[in-house]
Each structure stands twice: as structure tokens, then as C-alpha cells.
Amino acid sequence: MTGSVSRRKQQAFDIIFGTESTAGKAFDVVLIMAILISVGVVIADSIPELHAQYGYLFWQIEWGFTLFFSVEYLIRIWCSPNPRAYVTSGFGVVDVLSVLPTYLAIIVPQAAPLLILRVLRILRIFRILRLLPYVRESTVLLEALRRSRRKIFVFFSMMMVITTVYGCLLYVVEGPEHGFNTIPESIYWAIVTVTTVGYGDLVPMTAIGRAIAALGMLTGYAIIAVPTGIITAELTHEMRRQRDFRSCEHCNRSGHDGDAEYCKYCGALLPH
């Protein structure tokens, strides 16, 4: 009996988690199609005209998908060799978040639109298409972001100081009579201005206020490229670091990938 259960678990694991077999690939394709359709239902249900005409049908379809994804999630836990590792993994968290909003909507109806989180599960397509080079390149980008996190933190801290100063200045110069009722509202205006968004819901009216606003706009244009430069520099450094500078003994050319065994120029075996 135990051996039969183990075989069933292994078969379910090969289909649900694996992509080697035809059944595994077919299951992932069906899963992705179900995710896309369920997300489409959520989007369509947000349109008042469609909701008024097909709201009950959308509700039935959504519950059908929710039950399907709930059963699939429980089967994944059941057949996983390490259920705790799966539950706490990125995919496991996304899987459970994709079904929780429907159950929460029973108590809090406003939670229903959060079902759009289901679209994150489409990340499984990377396993189907075998886009391992793209996954490897994403690690380069993530490493560059990790290495630049302190510089980015300093930059954002500086931006917080700048927007706070501009906000306080506008609060003093303009005041409540021109819509700058509080310092937080004035800081909000400064953030909108420095980031060059410019909603226009708060506008300085005095000459001094407009001069400060102009200075804030110029400041935004002057520093908006700073985080891009930081990340680009770290990304370039990381890409160079992951390159292998071993020279080919046959053609004396370098610049090979770190895991390369043969020269990409002449095909000769690279030295270890």
C-alpha cells in the first residue's frame, strides 16, 4: 500500500513539477491557459457593462478556477518531497496568493480584484520554454541591483531630504490660501514636481513659489538619470566579472563565458 502511494506521488510530482514528460508539458500549458483565462475574467468583470450583464457567470467561472487552483495547490504540497520548502518558496507563495483573494472576498468584497496576482504564475513558462539563458541573464541584473542597493538608498535618502526642503519652502511661501494646507501635502507637491510628473492639482501662485517650483523642476531633470547611471555601472561591472578572461592557447583570444569549455572563436579546448 505504501509503495502504491509512493508511486502515485512520484507520478503526480513528474506531471505537476516536471517538464520532461509530455504529460508534464501539457499540464503546464493547461495551467497557464487557465491562469490567463481567469485573469481575463477578473479584468472583464471590472467593466460595469459586462458585470451588469454577466456578473453571475463571471462569479461562477471564478469560483471554478479557484477550486481548480486550490486542488492543484494541495496536490503540489502532497506530492512534493519537501512540502515546507515548496510552501515557503517563491512559487509556493504566489500559488497560495492566487487563491486567497476569492476566499477573502466572502468577508471583504474589495479583495476580489487582487486575483490579478494570478498572472504571476505565468512565470512557470520559463520552465516550459527552457529559457535558461534568460534566467541566467536575470541573475546578472539582480546581482547588479544588489551591489548598487547602498548607492540607491543614499540617492533616495537625498531625494527625501530635497523634497522635504522644497515642500517646507512652498508651505511657508504659499500657505493654506493657495492649497498648501499642510507640510505633508506640500511634500507631496514637491515629489510630483521633482519627479517631473506634474499632476497640476497643486500649483504655486506667488512669484517666489513659482521660482522655487522652477528650481525643483530643474533639480528633477538634473538628477533623474542618477539611479540609471548607478545601476548601469554596476550592471557593466557584473557582466565583466562574469566573463572569463582565459586566453585560448590556439588563437590567443579572450572574453569567454565563465562556464565555457571551448573557444567561441576557433573551437579549441580552453585551459582550465
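Here is a short report on the structure shown in this document. Since the structure is predicted, the reported quantities are computational estimates derived from the model, not experimental observations.

## Quick word on the overall build of the protein
Helix and strand counts for the protein come out as 12 helices and 2 strands. Along the chain direction, N to C, the helices and strands of the protein fall in the order α-α-α-α-α-α-α-α-α-α-α-α-β-β. In the protein, which comprises 272 residues, the proportion classed as buried is 32%. Sequence separation of at least 24 residues holds for 53% of the intrachain contacts in the protein that already meet a minimum separation of 6. By element, 69% of the accessible surface of the protein is carried by carbon and sulfur atoms, the whole surface being about 17,100 Å².

## What about the nonpolar core?
Grouped together as the largest cluster of nonpolar side chains are 14 residues, with contacts concentrated most on Phe17, Leu31, Ile35 and Phe69. Listing elements by their share of this core, those giving two or more residues are helix 1 (2-16), helix 2 (22-45) and helix 3 (48-79).

## A few points about the packing of aromatic side chains
Going through the model one piece at a time under the given rule, you end up with 8 aromatic pairs. An angle of 65° between the planes, with centres 6.5 Å apart, marks the rings of Trp59 and Trp63 as edge-to-face. Of this pair, Trp59 and Trp63 both sit in helix 3, 4 residues apart, which is roughly one turn of the helix. When its relative accessible area of 48% is taken as the criterion, Trp59 is described as partly exposed. Three or more aromatic residues joined by ring pairs form one cluster here, namely Tyr56, Trp59 and Trp63.

## Details of the side chain of Ser148
Topologically, Ser148 is positioned in the loop between helix 8 (132-147) and helix 9 (149-173). Other than its neighbours up to four places away in sequence, Ser148 contacts Ile230, Ile231 and Glu234.

## A few points about the packing of helix 10 (residues 183-194) against helix 11 (residues 207-223)
Helix 11 packs onto helix 10 with a crossing angle of 50° between their chain directions and a minimal axis gap of 8 Å. It follows from the interaxial angle that helix 10 and helix 11 lie oblique. Listed contacts from helix 11 to Trp189, Thr193 and Val194 of helix 10 are Ala213, Gly216, Met217 and Gly220. Tallied by class, residues from the contact of helix 10 with helix 11 come to 4 nonpolar, 3 polar and no charged.

## Details of the side chain of Thr193
With respect to the helices, strands and loops of the structure, Thr193 is situated in helix 10. Owing to a relative accessible area of 11%, Thr193 belongs among the buried residues under this scheme. What Thr193 contacts, discounting residues up to four positions off in sequence, is Ala213, Gly216 and Met217.

## So, unusual backbone geometry
A negative phi angle is the norm for most residues apart from glycine, just as the trans form is the norm for most peptide bonds. Its identity is not glycine, yet Thr196 carries a phi of approximately 60°, on the positive side. Structurally, Thr196 is set in the loop between helix 10 and helix 11.

## What to know about the packing of helix 9 against helix 11
The geometry of helix 9 relative to helix 11 is characterised by a closest axis approach of 9 Å and an angle of 170° between their N-to-C directions. When the axes of helix 9 and helix 11 are compared, the pair comes out roughly antiparallel. Side by side, helix 9 and helix 11 meet where Phe155, Met159, Ile162, Tyr166, Leu169, Leu170 and Val173 of the first sit next to Ile208, Gly209, Ile212, Leu215, Gly216, Thr219 and Ile223 of the second. A per-class count over the contact of helix 9 with helix 11 returns 11 nonpolar, 3 polar and no charged.

## Some thoughts on the environment of Thr102
Relative to the assigned elements, Thr102 resides in helix 6 (residues 100-107). Judged by relative accessible area, which is 5%, Thr102 ranks as buried. Thr102 sits 40 residues away from Glu62 along the chain, and the two C-alpha atoms are 7.9 Å apart.

## Description of the environment of Tyr166
Counting through the fold element by element, Tyr166 comes out in helix 9. Given the relative accessible area of 10%, Tyr166 is considered buried. Excluding residues within four positions of it along the chain, Tyr166 makes contact with Trp189, Ala190, Val194, Ile212, Leu215, Gly216 and Thr219. A polar side-chain atom of Tyr166 sits 3.0 Å from a polar atom in the side chain of Thr219.

## Describing helix 3
Remark: the principal bend of helix 3, roughly 80°, maps to Tyr54. Restricting attention to buried positions, one finds in helix 3 the residues Gly55, Phe58, Glu62, Trp63, Phe65, Thr66, Phe69, Ser70, Glu72, Tyr73, Arg76 and Cys79.

## So, the environment of Val42
When you line up the elements, Val42 lands in helix 2. Note on Val42: relative accessible area 13%, which makes it buried.

Parameters at a glance
Residues numbered from 1 in each chain as written. Predicted model: local features only at pLDDT ≥ 70, side-chain atom pairs only at ≥ 80, totals over all residues. Heavy atoms only, no water. Helix = DSSP H or I, 4+ residues; strand = E, 2+ residues; numbered from the N terminus. Buried < 20%, exposed > 50% of the residue type's maximum accessible area, 1.4 Å probe, protein only. Contact = heavy atoms within 4.5 Å. Areas by Shrake-Rupley, 256 points an atom, 1.4 Å probe, with all protein chains shown as cover. Core = buried A, V, L, I, M, F, W, Y, C linked by side-chain atoms within 4.5 Å. Phe/Tyr/Trp six-rings, centres within 6.5 Å; stacked < 30°, edge-to-face > 60°. Axes fitted to C-alpha atoms, helices over the stretch in contact; angles between N-to-C directions. Parallel < 35°, antiparallel > 145°, perpendicular 65-115°, else oblique. Nonpolar A, V, L, I, M, F, W, Y, C, P; charged D, E, K, R; others polar. Polar contact = N/O pair within 3.5 Å; in protein donor to acceptor, adjacent residues only side chain to side chain. Bend = angle between axes of the 7 residues up to and from the residue.

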